[in-house]
Amino acid sequence: MASTSKVDPPGEDGVEEEELERFDDFTIASSWERFISEIEAVCRQWIADGPKNLLEKGAMQLESSQNLYRVKFELKYALKTYCMEYFFETDSGVKIPEWTSPVHDLQLCFGVKEFLVIAPQSASGVVLDAPEASKLLSAVAIALTNCCSLLAAFVPVHDPSRKAFIGIQNMGTIFTRRFEADRIGSQVPVKLMHLEGLSAQGLNPQDIDGMGSPRVDSHSRAQWDDDCPWSEWYSAEDPIKGVELIATWPERMVENSPEMEELENTSPHEAEKWVMLPVISPNLDSSGGNRIGFASQLLLLIHALDISFNAQFVEDFVSAENIAPNKLTSSMVVPPPTVLDRVLKDLFQGSQVQGFAKEEYKYSRGIKGAPVGSLFSQFSLHSLWVGNCNIRAIAVLWVEFTREVRWCWEESQPLPKVQVNGSIDLATCLVNQKLQMLAICIERKCELNEDFQDCLGSNDQPHAQKKEDGPLRNDTASTKVSSSESDRIHDSPTAHGSSQKYEKIASSSIMKQHLKSSDNLRRGSAGVVGSMKLLKTYQSMHAPYTQDPPLMTEDMHEERLQAVEAFGDSFNFSAQLERDVLASDMSAFKAANPDAVFEDFIRWHSPGDWINDETEDKAAASVGSSSLKEDWPPRGQLSKRMSEQGNLWRKIWNDAPALPAYEQKPLLDPNREGEKILHYLETLQPHQLLEQMVCTAFKAAADTLNMTNHGGLKQMTTKMEQLYNTMSSTLKPLQTNRLSKGSDTIEDLKRLSTVFEHVEKLLTLAASLHRKFSNAPRLSESIFADYYEFYLPKMGTGAGSGDIKHQEFDKKQQVKMKEREVVSNLFKPPTANQKWRKVISMGNLLNGHEPTMREIVFTTHRLEVRNAGKGSELGMETYRMYIAGTSNDLRVALSVTSCD
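Remember, it's a predicted structure, so these values are computed and weren't measured experimentally.

(A) Region of the structure containing the overall build of the protein chain. Helix and strand content of the protein chain: 28 helices and 23 strands. For the protein chain, the proportion of its 900 residues judged to be buried stands at 48%. Residue pairs at least 24 apart in sequence account for 72% of intrachain contacts in the protein chain once pairs closer than 6 positions are excluded. Summing over all exposed atoms, the protein chain offers an accessible surface of approximately 44,600 Å²; the carbon and sulfur share of this is 50%.

Here it is as structure tokens:
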């Protein structure tokens, strides 16, 4: 509408202003009209942009849905501020979401895909005034009509707890769809809890488009991990708190109330589709540190290691006065005597073992700790749980532990849980090596204390003893006699280089077997050595029984190597270090071969130092004994080093008496070595003890977890292998004594405990899944694979990281027909004590459990015929009712299509 402004009177300058002409649009003259115009402009912009451009402009994805996004815009009207949100999907071809998919609440209630929501910017976020709500909804409806848009628009109303909405949707030029949703949040009337009652309240459906899901949680009432390998140390929370089963009937037709009643009593086993959602414990993926397991206690042990550098001796930590004030906390309590007694009783009960190889995991051999199940391994694991694993509690326990070890030594009692097989496992930590050595010393000390004559009368003849002229296998290995047995028996050998054991024999039998002549008594022979003959007498060469070389722990080997380096001449000094062993072997060889010379010993003990002109094999091949004697002695000579003037080996040979092994002084003095070991254990520096405890505890905890049966899940197996590799590299500084106070290794160890925690959580989940779905492995593998992908971003993150937003695991699994029985068995029938709680049943029972929620969609359709000549038909949903509820909560959403 045109208008002309007034013309002002002529000014003093005599110039008249031009007449100004403009247009005023009175259609948006009011604030209400301007409000509608602003809504229309925003909607037009959103529609023009489309999903792709809206995503580029920063549309936010909803956490509850993988395909739903949101943009918003603030509007002002009548001194109030409103927020209008547009919810849209990126895939326009997807059907309306079902119960099995994570969807928005309004999508499920009204069956819409894209929609608008306009609400006031207030604390409640709802419109409490009914006229205001109607006016607000009308404004949006007019704006959408002007845009020719078919979007549905909603306004939240009433109290927020009611989750109530009103809405409207333009369906074209004729039809309009209106929405309304409300909720009863208290005791629901009985007649509204059943389908027959709901239909009597005003909706008589002709077609049930989808019948919702009885959702039942299954909770275990017993300790689920009683037979898991970690149950000896702690009880883990079942990571699967329950199972939510969604049983759906996609399409059912009913015509009257009795049919609804029959449908209500239908068993979920008759449902067309089962979908399952495992309810994962929130503690499984939380980083709050409230989960108790190996990882949490290993972190405490690392803190104790950090403090251990503050004292020289372990006893210094028994008193709180020796702990730095900034390190002393209220949690550093000393365990009561009853706890210590219980732990020590558990540690020192049991017997010695021959080995732990069967229980160990192959990847853990790279970690220098005690084998799982061994005495020091058990001590380290017990320390994790005593006194909250503080340095004082560890110190007290170690002092008591060494006292018990000394008692075993003084009373000649065998050390339990210690490997005794005649050797020291140098691949383990030094404390474990010392305990192995001490166990052997106790065994040897007991043998030395036995009466010599009683031992002779109690031993049997060896079942595999060779006759004097019987051949011994043609090698250069000597046959060893244990130094502990050499003083109390005659010829109780152990084959050198093998694990073959010879039974003890009486000296009288040996003498009869090895009597060669009236002048020479052969003693300590294990049999002839092939076709080898003595150089001077042409007698058969006999291999002697010899003592075992003295056992050494890792630190003893290092001392010898350092001494060799200090003296320069490695060979000569090495020979000096081995003088006792060499002299013992020479004495035994002389006793077994009275007519032997030094060259004979070299040919047997060190054949590389005897140079033959012609091989003895060629001489042995000649026919006739006379020809052999004619070619005797063989043409050969000692090597250069053995023929040098003043050779140490020849000097030892000349000084060595002819004594069989059983008459020699033992090479290992068990009393002296035992006291040295006890001195080491009692004076061990705190940081050296804690370093070995950390390595052993990590190794033992990982080996314990690795014994878990999880059904061979590939991701779990790979993760355990990666954990062992990470542990091996991180713990290496502790294994090489390179750790010092304030070292960066402490932080590396803390990160390692975090990695360990992640693997431990996944393993408990894998174990729980395997137990519940052992007869349905596909479900177990699928659930774990989905959770593994969900949890993967959290792997390796610290406890204080806040960059990862907390999300709930909501990946559902479709249950196949053959798997239904396995899932159904998870829902144990209620006991007699639980049945009293069942007052009113909603129907659709599964093993006596009623649904935790039932969701139902009633729909009616009207069929219209258009273009009758062509037979074109159009179906329209005229009524839709969504019902979801329990006995204490009922929500109803209704949409009605009408012709305006």
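Let's pick the thread back up.
(B) Summary view of the sheet that holds strand β20 (residues 813-815). Read from one edge of the open sheet, three strands run β11-β12-β20, paired in antiparallel fashion. Of all strands in the sheet, those bounded by a partner on one side alone are β11 (240-248) and β20. Recorded for the sheet is a direction-independent mean angle of 35° between the axes of neighbouring strands. Running at roughly 170° to β20, helix α26 (residues 777-791) makes contact with β12 (273-280) and β20 of the sheet.

(C) Region of the structure containing helix α8 (residues 375-385). Summarising burial for α8: 10 of the 11 residues are buried, a large majority. Those residues of α8 lying buried are Leu375, Phe376, Ser377, Gln378, Phe379, Ser380, Leu381, His382, Ser383 and Leu384. Residues of α8 that are buried sit in contact with α6 (294-307), α7 (337-347), α9 (391-410), α10 (430-449) and α22 (686-706). The positive-phi residue at the C-terminal boundary of α8 is glycine 387, with phi of around 60°.

(D) Representation of the packing of α8 against α22. Running from N to C, α8 and α22 cross one another at 90°; their axes reach a closest spacing of 9 Å. Put simply, α8 runs roughly perpendicular to α22. Residues Phe376, Ser377, Phe379, Ser380, Leu381, Ser383 and Leu384 of α8 pack against Leu689, Gln692, Met693, Thr696, Ala697, Ala700 and Ala701 of α22.

(E) Spotlight on the packing of α8 against α9. Running from N to C, α8 and α9 cross one another at 150°; their axes reach a closest spacing of 10 Å. Of the possible angle classes, the one that applies to α8 and α9 is roughly antiparallel. Along this stretch, α8 crosses α9, giving a crossing that reads as right-handed. Residues Leu375, Phe376, Phe379 and Ser383 of α8 pack against Ile394, Leu397, Trp398 and Phe401 of α9. Here the residues of the contact of α8 with α9 are counted per class, giving seven nonpolar, one polar and no charged.

(F) Focus on the packing of aromatic side chains. With the rule as written, the count across this model stands at 34 aromatic pairs. A centroid spacing of 4.8 Å and a plane angle of 20° characterise the contact between phenylalanine 35 and tyrosine 77, whose relative ring orientation is stacked. In this pair, phenylalanine 35 sits in helix α1 (residues 31-56) while tyrosine 77 sits in strand β4 (residues 68-77), placing the two residues 42 residues apart along the sequence. We note that phenylalanine 35, like tyrosine 77, is buried. Taking 6.4 Å as the distance between ring centres and 55° as the angle between the ring planes, the aromatic pair formed by phenylalanine 589 and tryptophan 653 counts as tilted. Taken together, the positions of phenylalanine 589 in helix α15 (residues 579-592) and tryptophan 653 in helix α20 (residues 648-655) put the pair 64 residues apart, joining distant regions of the chain. Owing to a relative accessible area of 7%, tryptophan 653 belongs among the buried residues under this scheme.

(G) Geometry of the environment of glutamine 66. The topology assignment puts glutamine 66 in the loop between β3 (60-61) and β4. Residue classification places glutamine 66 among the exposed residues on the basis of a relative accessible area of 64%. Taking the C-alpha atoms as reference points, glutamine 66 and threonine 90, 24 residues apart in sequence, are found 9.8 Å from one another.

(H) How the structure looks around the nonpolar core. Within the largest apolar cluster, 125 residues are counted, with the highest numbers of intra-cluster contacts made by Phe294, Phe376, Trp398, Leu415, Phe756 and Phe773. Ignoring sequence-local partners within four residues, the contact set of phenylalanine 376 consists of Ala370, Trp398, Cys429, Val431, Leu435, Leu689, Gln692, Met693 and Thr696. Core analysis: the second largest hydrophobic core is formed by 34 residues, Ile39, Cys43, Trp46 and Val127 among them.

(I) Fine view of the pairing of β12. Of all eight residues that make up β12, six are buried, and the element is covered over most of its length. Relative to β12, β11 runs antiparallel, the two sharing eight bridges. Opposite leucine 245, over in β12, you have methionine 276 as the bridge partner. Strand direction decides the pairing type here: β12 and β20, joined by three bridges, are antiparallel.

(J) Seen up close, unusual backbone geometry. The phi dihedral of cysteine 148 is positive, around 60°, even though this residue is not glycine. Inspection of the secondary structure puts cysteine 148 in the loop between α3 (130-146) and β7 (152-157). By relative accessible area, which is 71% here, cysteine 148 ends up exposed. Here asparagine 388, not a glycine, exhibits a phi torsion of approximately 60°, which is positive. Of note, asparagine 388 is situated in the loop between α8 and α9.

(K) How the structure looks around the environment of serine 186. Tracing the backbone shows serine 186 in the loop between β9 (175-184) and α4 (195-200). According to the relative accessible area criterion, serine 186 is partly exposed, its value standing at 45%. Measuring from C-alpha to C-alpha, the distance between serine 186 and aspartate 889 comes to 6.1 Å, with 703 residues separating the pair along the chain.

(L) Spatial organisation of the side chain of serine 895. By secondary structure assignment, the location of serine 895 is in strand β23 (residues 889-899). For serine 895, the side chain forms a polar contact with the side chain of arginine 177, separated by 3.5 Å. Residues contacting serine 895, with those up to four places away along its chain left out, are Phe110, Arg177, Arg178, Phe179, Thr878, Tyr879 and Arg880.

(M) Here's a closer look at the pattern of salt bridges. Tallying each qualifying case throughout the model produces 30 salt bridges. Between aspartate 609 and arginine 641 there is a salt bridge; the shortest N-O distance is 2.7 Å. Of the two residues, aspartate 609 is situated in the loop between α16 (598-605) and β18 (610-612) and arginine 641 in helix α19 (residues 640-643); the sequence distance between them amounts to 32 residues. The class of aspartate 609 is buried, set by a relative accessible area of 7%. Counted as one network, the salt bridges with shared partners bring together Arg406, Glu410, Glu675 and Glu682.

(N) Up close: the confidence of the model for the protein chain. Looking at the protein chain as a whole, its pLDDT mean stands at 78, while 73% of the residues score no less than 70. Element-level mean pLDDT values for the protein chain span from 34 in strand β15 (residues 493-495) up to 96 in α8.

(O) Broad picture of the environment of lysine 812. Mapped onto the elements, lysine 812 comes out in the loop between α26 and β20. We classify lysine 812 as buried; its relative accessible area is 19%. Expressed as a C-alpha distance, the spacing of lysine 812 and glutamate 244, which sit 568 residues apart in the sequence, is 9.3 Å.

(P) Just α22, in detail. A rise of 1.5 Å per residue sets the reference length of α22, with its 21 residues, at 30 Å; its end C-alpha atoms lie 30 Å apart and thus fit the reference within 8%. Counting buried positions along α22 yields 19 of 21 residues, so the element is predominantly enclosed.

(Q) View of the state of the cysteines. Considering all chains together, one arrives at zero disulfides under this definition. Counting only cysteine sulfurs, cysteine 147 is the nearest neighbor of cysteine 43, a cysteine outside any disulfide, at a range of 5.4 Å.

Reading the values: rules and limits
Residues numbered from 1 in each chain as written. Predicted model: local features only at pLDDT ≥ 70, side-chain atom pairs only at ≥ 80, totals over all residues. Heavy atoms only, no water. Helix = DSSP H or I, 4+ residues; strand = E, 2+ residues; numbered from the N terminus. Buried < 20%, exposed > 50% of the residue type's maximum accessible area, 1.4 Å probe, protein only. Contact = heavy atoms within 4.5 Å. Areas by Shrake-Rupley, 256 points an atom, 1.4 Å probe, with all protein chains shown as cover. Pairing = 2+ DSSP bridges. Axes fitted to C-alpha atoms, helices over the stretch in contact; angles between N-to-C directions. Parallel < 35°, antiparallel > 145°, perpendicular 65-115°, else oblique. Left-handed = near helix turned anticlockwise from the far one by under 90°. Nonpolar A, V, L, I, M, F, W, Y, C, P; charged D, E, K, R; others polar. Phe/Tyr/Trp six-rings, centres within 6.5 Å; stacked < 30°, edge-to-face > 60°. Core = buried A, V, L, I, M, F, W, Y, C linked by side-chain atoms within 4.5 Å. Polar contact = N/O pair within 3.5 Å; in protein donor to acceptor, adjacent residues only side chain to side chain. Salt bridge = Lys/Arg side-chain N within 4 Å of Asp/Glu carboxyl O. pLDDT = per-residue confidence, 0-100. Expected span 1.5 Å × (residues − 1). Disulfide = S-S within 2.5 Å.

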